[in-house]
Amino acid sequence: MKVHWEGVMPAITTKFTEDDKLDLKMLNKNIEAQMDAGVHGIVLGGSLGEASTLVEDEKEVLIKETLQTVSGSIPVVMTIAEQATKAAITAAQDAERHGADGLMVLPPMRYKATDRETVVYFKEVAQNSGLPIMIYNNPVDYKIEVTCDMFEELLELKNIGAVKESTRDIINIGRLRNRFGERLKILTGVDPLALESLLLGADGWVAGLVCAFPSETVAIYELAKAGKIKEATEIYRWFLPLLELDISPQLVQNIKLAEVATGIGTEHVRAPRLKLEGQERDRVLRIIDEGIRTRPELPDYRSLAKFLK
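## So, the sheet that holds strand 8 (residues 204-207)
One key point about sheets: their strands pair by backbone hydrogen bonds, in either a parallel or an antiparallel sense.
Then, number 1: In spatial order, the strands read 1-8-7-6-5-4-3-2; together these eight strands make up an open sheet with parallel pairing. Whereas interior strands pair on both sides, the edge strands pair on one side only; in this sheet they are strand 1 (7-10) and strand 2 (42-44). The average angle at which neighbouring strand axes cross in this sheet is 25°, direction not considered.
Then, number 2: Bridge analysis of strand 3 (residues 76-80) against strand 4 (residues 102-105) gives four bridges, and the strand direction is parallel. Looking across to strand 4, one finds that Met 78 is bridged to Leu 103.

Here it is in structure tokens:
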């Protein structure tokens, strides 16, 4: 399936059973909820998907199970987050062999590569894969920024066509758009900056809290793209305390608690992560409970999306 790199693409949490196996039943339930809400793609195996704890066999199962669930209706993107170039190439080729439609590629993990090393890393992964690629630009968490000059080199490769923009510098969307026009698709990756990013011209949203609140997330996107800013802003302001749960070292635990509250997930995480407890758990639950209590009635955004197409 062709990846258009636009719209809402949930960075899906990986569902585990109490005995630490993949929970495919709950995975399918969540993905079906995402599809019912109108998402435009699924991203597997990111940091929210606890990628560093997954083994290769589990990644294969996740890709194949998700492909079966979406049944060709939306693209399935696999995350590549490796420490060595050789390992990243192997992971990219494995994802392609298992049927993934695209890749989201992170910079080298652990080692703070130079600009030149980072560009060469991305290029070597892209040159060894036939899949379309989105570069994940998140210097806050991964200490490596992919600059406009670096993208100029990367866009020489035809299968690199998008960026997950997570610098938290809202001005960077304008920089990228002014420099590259439509050559580079821009998807915001910071939940509490999503509406601002869309209004400044981002093509899509790789979202986190969508895992628990798919309809609200897609509604904001569709309303924003239709120019219905007031309606989008009203939902976004309600959503903001929840969206801020995404910018935390414990984002996985936070979002999984939210999934429990909306009935499309479980709280099980994989060690070394542990479930939240004490005052922090109580704080997060208060935010979630308030969000559920005041959950807004949504307009018919699905009809709006069909009309715009």
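## Overview of the packing of helix 9 (residues 214-225) against helix 10 (residues 229-243)
Geometry of a packed helix pair, given as the angle between the helix axes and the separation of the axes.
Then, number 1: Orientation of helix 9 relative to helix 10, taken along the N-to-C sense of each, is 150°, at an axis distance of 8 Å. Taken together, the axis directions place helix 9 and helix 10 in an arrangement best described as roughly antiparallel. Crossing handedness for the pair helix 9 and helix 10: left-handed. Every residue of helix 10 that contacts helix 9 at Glu 216, Thr 217, Ala 219, Ile 220, Leu 223 and Ala 224 is listed here: Ile 229, Glu 231, Ala 232, Ile 235, Tyr 236, Trp 238 and Phe 239.
Then, number 2: Grouping the constituent residues of the contact of helix 9 with helix 10 by class yields ten nonpolar, one polar and two charged.

## Comments concerning the packing of aromatic side chains
Then, number 1: Per the stated rule, a full pass over the model turns up six aromatic pairs.
Then, number 2: With a centroid separation of 5.8 Å and an interplanar angle of 65°, the aromatic rings of Tyr 121 and Phe 122 are classed as edge-to-face. With respect to class, Tyr 121 is no different from Phe 122; both count as buried.
Then, number 3: Arranged with centres 5.7 Å apart and planes meeting at 75°, the rings of Phe 213 and Phe 239 form a pair that is edge-to-face. Taken together, the residues Phe 213 in the loop between strand 8 and helix 9 and Phe 239 in helix 10 connect sequence positions 26 residues apart.
Then, number 4: A relative accessible area of 0% places Phe 213 in the buried class.
Then, number 5: Among the aromatic residues, those joined into a cluster by ring pairs are Phe 213, Trp 238 and Phe 239.
Then, number 6: Stacked on the ring of Tyr 136, the Lys or Arg Lys 164 has its end atom at 4.0 Å from the ring centre.

Rules used throughout
Residues numbered from 1 in each chain as written. Predicted model: local features only at pLDDT ≥ 70, side-chain atom pairs only at ≥ 80, totals over all residues. Heavy atoms only, no water. Pairing = 2+ DSSP bridges. Helix = DSSP H or I, 4+ residues; strand = E, 2+ residues; numbered from the N terminus. Axes fitted to C-alpha atoms, helices over the stretch in contact; angles between N-to-C directions. Parallel < 35°, antiparallel > 145°, perpendicular 65-115°, else oblique. Left-handed = near helix turned anticlockwise from the far one by under 90°. Contact = heavy atoms within 4.5 Å. Nonpolar A, V, L, I, M, F, W, Y, C, P; charged D, E, K, R; others polar. Phe/Tyr/Trp six-rings, centres within 6.5 Å; stacked < 30°, edge-to-face > 60°. Buried < 20%, exposed > 50% of the residue type's maximum accessible area, 1.4 Å probe, protein only. Lys NZ or Arg CZ within 6 Å of the ring centre and 35° of its normal.

Nothing here speaks to function; it is geometry throughout.
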